[in-house]
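# Tertiary structure, described
The residues making up each chain are set out below.
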Amino acid sequence: MLGLFVWWAGIFLEAAILLRAIRCRIFAKYTYFYTYVSCILLVDLTRFFIFKYEAPAFRNWYWSTEFLSVAIGYGVILEILRQALAHYQGPARFGSRILWASFFAVLAYVAFKSATVTNWSAPATGAELERDLRTVQAFVLAGILILISHYRIEIGKNLKGMIVGYGAFIACSVLNLAVQAYADPPVRQFSRGVQSYSFFIPLFVWVITLWSFHPAPAVERNERLESDYETLARRTRGMLRDVRGIISGKPRK
Amino acid sequence: MTALILYSFIAAGLLIAIFLALRARPVRPEGSADALLGARYALRTLQLNLLPPELVGRFFAREDLEYVASATTQEVQQQFLQDRKRLVLAWIEQVRLQVISLQEFYFGQSRHFVQLSLRTELALAWECAALRMVCRALYLLVFLRGPYGAPDVVGKIVSTAGRVCSISEQSLAFLAPAQDRGVVRNSARGDAAG
């Protein structure tokens, strides 16, 4: 009963995010992100109806759609890259390189897995594959975030929400899937419970931060002459005080 | 178990990256007088006032200590060591602050260039990070062992800071002070007085 409630609550939150996007006309501004949310909503709805009416087919459907959701999760990362570095072409080039490198790494890894795994079992091999793909996503997202923090790029509330929500979800997934593979049985059981609720983190964050449109702060490259003059005067006064401090032997703190 | 720890580090690393990206202060607007003056001041202060070898050598010169030790009382020696320690700590802090200022200006400017060189960016980021770490370590060493406790680290800090300056100078040629040190010093004083 609680499981069904959680399921419906997730679907409700996803639908709320999409409805707000349509109502506030921000769907087109974050196309990749909302495409991802739409796909996730569709996946959840189909899973629910298959679970309800075609229970034997659920397991296969679950794993197929799980890989689909991992793959389209790159849409969120692409959106973060596109929005955060839109005005900064140099760092954006570095970000694209990270994304392409990860894409080829994933392709190589999946090809390697397909060639080497002989006894495929959905829960074990599927979980292992998902964990490794999420780990790659974690590296890609961390790389882009390092670029953002290194170049001190200002980001808006919407983008912050995408970063916090999806980042926390990936971190939680990597940890949960690792615990399920390597920890003791009681801890694994607990971890499974946590995993089924972990998708609520991004959903709650996205409902709050994407409730309305908050554009990224404007890039100030050409300041008005008046404000420049004020800054110039302020800085010159500061430097004069410094020099005076050095001469009098009392450097300004 | 090792794998579990590894994955935990990856998850923690991602959370730290999120935290760092969200708390990053924006840099000063590009091209503003504030940013330009700050960077010019930092470069000039580092190159001319903080890093000349003779100045740094003087800070850490043992001859001063030996002279004071041979010619004065124990109390004067103690006072000399305390004063020298304060001076050296202030110098290290100044170097660190000017390096941060230069770093902020450089990356605030470079992010707008399309043809960024990955090698240069990584080199400069590494040099700045290393220099700041060395400054912190040196500060700690001097704080704990006194001004004459870490002569080797001083050489390293000066050479690394010099490299940071020369890389920054190539990119920010217009900020570099004039070659003639005397002229620059005089003009700086003249500006200040005027």
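Residues numbered from 1 in each chain as written. Chains lettered and ligands numbered in written order. Predicted model: local features only at pLDDT ≥ 70, side-chain atom pairs only at ≥ 80, totals over all residues.

### Quick notes on the overall build of chain B
Counting its regular elements, chain B contains eight helices and zero strands. Counting helices and strands in the order they occur from the N terminus, chain B gives α-α-α-α-α-α-α-α. Across the 194 residues of chain B, 27% fall into the buried class. (Helix = DSSP H or I, 4+ residues; strand = E, 2+ residues; numbered from the N terminus. Buried ≥ 20, exposed ≤ 12 C-beta atoms within 10 Å, placed from the backbone.)

### Here's the deal with the overall build of chain A
Across its full length, chain A carries nine helices and zero strands. Mapped from its N terminus to its C terminus, chain A presents α and β elements in the order α-α-α-α-α-α-α-α-α. Looking at chain A as a whole, 27% of its 253 residues are labelled buried. Nonlocal contacts in chain A, meaning residues at least 24 apart in sequence, comprise 77% of its contacts between residues at least 6 apart. (Contact = placed C-beta atoms within 7 Å.)

### Some thoughts on the confidence of the model for chain B
Residues and elements named next belong to chain B. Looking at chain B as a whole, its pLDDT mean stands at 74, while 67% of the residues score no less than 70. Contacts of residues 174–194 to residues separated by more than four positions or lying in other chains number 18 contacts, the stretch itself having pLDDT below 50. Interface confidence in the predicted complex, given as ipTM, is 0.81; pTM for the same model is 0.75. (pLDDT = per-residue confidence, 0-100.)

### Brief notes about unusual backbone geometry
Residue and element names in this part refer to chain A. Phi is positive for Arg25, which is not a glycine, with a value near 55°. As for its placement among the helices and strands, Arg25 is situated in the loop between α1 (2–23) and α2 (31–53). Non-glycine residue Arg152 carries a positive phi angle of around 50°. Along the chain, Arg152 turns up in the loop between α5 (122–150) and α6 (157–182). A residue is classified by how many C-beta atoms lie within 10 Å of it, and Arg152, with 16 of them, is partly exposed.

### Considering the confidence of the model for chain A
Of the residues in chain A, 83% reach a pLDDT of 70 or more, and the chain-wide mean stands at 83. Confidence drops under a pLDDT of 50 for residues 222–226 of chain A, and excluding neighbours within four residues, the segment shows four contacts in the predicted structure.

### Some thoughts on the nonpolar core
Val174 of chain A together with Leu14 of chain B are the most contacted members of the largest nonpolar core, which has 55 residues in total. When near neighbours in sequence (up to four residues on either side) are disregarded, Val174 of chain A contacts Arg131, Arg134, Thr135 and Ala138 of chain A together with Tyr7, Ile10 and Ala11 of chain B. One finds Ala42, Leu131, Leu138 and Val142 of chain B within the second-largest nonpolar core, a separate group that totals 18 residues. (Core = buried A, V, L, I, M, F, W, Y, C linked by C-beta atoms within 7 Å.)

### Digging into the environment of Tyr197 of chain A
By the element assignment, Tyr197 of chain A lies in helix α7 (residues 185–198). Linking Tyr197 of chain A and Asn158 of chain A, residues 39 residues apart in sequence, is a C-alpha distance of 23 Å.

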